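# Summary of structural features
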Amino acid sequence: MGTHHFVAVPLIVREKTIGIILADNLYSGAPITEDSVDLLTTFAGSAALALENAGLYHEVQEKVTQLEHTQEELVQAERLAVIGQMSARIAHEIRNPLATIGGFARSIQRNPDPDRVQSAAAIIRDEVIRLENLLRDTLSFTRPPKPVLAPAHLNTLIQEVKTMVEEDGASDGIDWNIHPSPDIPEFQLDIAQMKEVCLNIFQNAVQATSSGGSIEVLAEYLGDQEEPSVQIEIRDTGEGIREKDLEQLFTPFFTTKTYGTGLGLVISKQIVEDHGGKIVAESRESEGTTIRITLPIRSKAERS
Amino acid sequence: MTRILIADDDKNLALLYEQELTDEGYEVSVVNDARSAIDLLESDPPDLLDLDIQMPGMDGIEALSHILGKNNQLPVILNTAYSNYKDNFMTWSADAYVVKSSDLTELKSTIADILQRRAQG
């Protein structure tokens, strides 16, 4: 080292030496003073911390990457589980009508008694309609059309759908209570789609409610909120939904009905969400179910 | 006459079974849910039960445990749309597991086999 001075300062983090800084006076030739050593010691303290932080940052990065990877795996596993459930339900929805159609066809082939042929043909026709409906619902579920908005009166729409359900005759003996709200303004809706939603929910309510029960439809304008909206509540006094079924209510192909496709509420939810709204269900077993739809009222400009 | 009870919520499929099994010479009754099956088994027990698994309300597997808890001598065939319930060990307590098909040959031969085995004791 000749006439040169040198100084060594340890890099210490949490009482552990992680390195060392060596400095000499090769270029300056000036003696290394106590002040310089102090300055270097302070610098070494900061440098040690910076090195430690860089190391920690790298570790955090690795953990984040690991977490992201794990999350991706979980999402993938969930997706596979949903596909599995869907195929099981589709299998069920298709196998029953197929077994019925094929079974009756074989039956009348063996025994072409005219009465049997007549009744078998009627059943085969009905089961084919069931499969066609399943296919139609599946297709409209996978390809929901974009809502085509036009000004609509919600009260009128509800009344029209109620009349459609009544004409069907299935709601005979059920007490309808429609409470329209006079202050709901005309607002932008896809009328056909929203009718489909109401029809679906009204029919569900009718199917769940036995004669002597009631279905109440409340429409309310929530104009004083930050985002003005309309709330529609459909309450029935029907059989209600079991807690474990309620969780799956909006899951594709979930149904508690023999002739249900398990897609009605899924499509309804899609339509309501396409309108910027929300749909929720509340239910108590053997007391009834309430479906609540909230639709924002926005000007056409805001929507586009 | 040998009596068979069909429990299936699919009315048209149940009607097919009723016709076909009546043609085979059985006396057939039909119920469309598990609860009615359990009630009928108490009041008027059949010689064999053909039980669907996926039914609204109580499903066939739950019904099976109720039924076997009361009468473990009753021959039960689980008849369902798909085979994945075979993994559920509760289904092992049934006498047979038949996947639904438009061809009722397997169902008919399974019924005949079980009844014959039971008759031989």
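Look above for the structure.
Residues numbered from 1 in each chain as written. Chains lettered and ligands numbered in written order. Predicted model: local features only at pLDDT ≥ 70, side-chain atom pairs only at ≥ 80, totals over all residues. Heavy atoms only, no water.

This brings us to the overall build of chain B. In terms of regular secondary structure, chain B is built from four helices and five strands. Reading the secondary structure of chain B in the N-to-C direction produces β-α-β-α-β-α-β-β-α. Among the 121 residues that make up chain B, the fraction classed as buried is 50%. In chain B, the share of contacts with a sequence separation of at least 24, taken over all contacts with a separation of at least 6, comes to 60%. (Helix = DSSP H or I, 4+ residues; strand = E, 2+ residues; numbered from the N terminus. Buried < 20%, exposed > 50% of the residue type's maximum accessible area, 1.4 Å probe, protein only. Contact = heavy atoms within 4.5 Å.)

Okay, the overall build of chain A next. When helices and strands are tallied, chain A shows seven helices and nine strands. Sorting the 304 residues of chain A into buried and exposed places 35% on the buried side. The contacts in chain A between residues at least 6 apart in sequence include a share of 67% that link residues at least 24 apart. Summed over its atoms, the accessible surface of chain A is roughly 18,400 Å², and 55% of this surface lies on carbon and sulfur atoms. (Areas by Shrake-Rupley, 256 points an atom, 1.4 Å probe, with all protein chains shown as cover.)

Bridging between strand S1 (residues 6–13) of chain A and strand S2 (residues 16–24) of chain A involves eight bridges; their strand directions are antiparallel. Of the residues in S2 of chain A, the one forming a bridge with Val13 of chain A is Lys16 of chain A. (Pairing = 2+ DSSP bridges.)

Attention now goes to the sheet that holds strand S4 (residues 175–179) of chain A. Residue and element names in this part refer to chain A. Spatially, five strands are ordered S4-S6-S7-S9-S8 in an open sheet, and the strand pairing comes out mixed. In the strand order of this sheet, the two ends are held by S4 and strand S8 (278–284), each with one partner. For this sheet, the mean angle separating the axes of adjacent strands, direction not counted, is 10°. Strands in contact with helix H3 (residues 154–167) are S4, strand S6 (214–222) and strand S7 (229–236); relative to S4, the strand with the most contacts, it is inclined by about 170°. (Axes fitted to C-alpha atoms, helices over the stretch in contact; angles between N-to-C directions.)

Residue and element names in this part refer to chain A. With the rule as written, the count across this model stands at one aromatic pair over all chains. Ring geometry for Trp176 against Phe202: centres 5.6 Å apart, planes inclined by 55°, an arrangement best described as tilted. Of this pair, Trp176 sits in strand S4 while Phe202 sits in helix H4 (residues 191–208), and the two are 26 residues apart along the sequence. Each member of the pair, Trp176 as well as Phe202, is classed as buried. Over the ring of Phe250 we find Lys269, and its NZ or CZ is 5.9 Å from the ring centre. (Phe/Tyr/Trp six-rings, centres within 6.5 Å; stacked < 30°, edge-to-face > 60°. Lys NZ or Arg CZ within 6 Å of the ring centre and 35° of its normal.)

Moving on, we get to the side chain of Lys108 of chain B. Relative to the assigned elements, Lys108 of chain B resides in helix H4 (residues 105–120). For Lys108 of chain B, a relative accessible area of 16% corresponds to the buried category. Among all residues touching Lys108 of chain B, those that are not within four sequence positions of it are Arg110 of chain A together with Glu20, Leu21 and Glu24 of chain B.

If you look at the biggest cluster of nonpolar residues, it comprises 37 residues, and the most contacted ones within it are Phe202, Ile232, Ile234 and Ile293 of chain A. Those elements giving two or more residues to this core turn out to be H3, strand S5 (187–189), H4, S6, S7, helix H6 (264–274) and strand S9 (288–296) of chain A. The element best represented in this core is H4 of chain A, accounting for seven residues. Setting aside residues up to four positions removed in sequence, Ile232 of chain A forms contacts with Leu154, Ile158, Val217, Leu218, Ala219, Ile291, Arg292, Ile293 and Leu295 of chain A. Ile4, Leu21, Leu104 and Leu115 of chain B belong to the second-largest nonpolar core, a separate cluster that totals 23 residues. (Core = buried A, V, L, I, M, F, W, Y, C linked by side-chain atoms within 4.5 Å.)

Attention shifts here to the pairing of S7 of chain A. Residue and element names in this part refer to chain A. For S7, the tally of buried residues reaches seven of eight residues, placing the bulk of the element in the interior. Summarising the sheet, S6 and S7 pair through eight bridges and their orientation is antiparallel. Residue pairing for S7: Leu222 is matched across the bridge by Ser229. Where S6 folds back on S7, the antiparallel hairpin that results is connected by six residues.

Let us look at the sheet that holds strand S2 (residues 27–31) of chain B. Residue and element names in this part refer to chain B. Ordered in space as S2-S1-S3-S4-S5, the five strands form an open sheet in which the pairing is parallel. Edge positions in the sheet fall to S2 and strand S5 (96–99), since each of these pairs with one other strand and no more. Here the average twist between neighbouring strands, direction ignored, is 20°. Alignment of strand S3 (residues 48–52) against strand S4 (residues 76–80), held across four bridges, turns out to be parallel. By the bridge assignment for S4, Leu51 is matched with Leu78. Across the sheet, helix H1 (residues 11–23) touches strand S1 (3–7), S2, S3 and S4, and the angle it forms with S2 is around 170°. Most of the contacts of H4 go to S5, to which it runs at about 170°, and overall it touches S1, S3, S4 and S5.

Coordinates in, geometry out; function isn't part of it.
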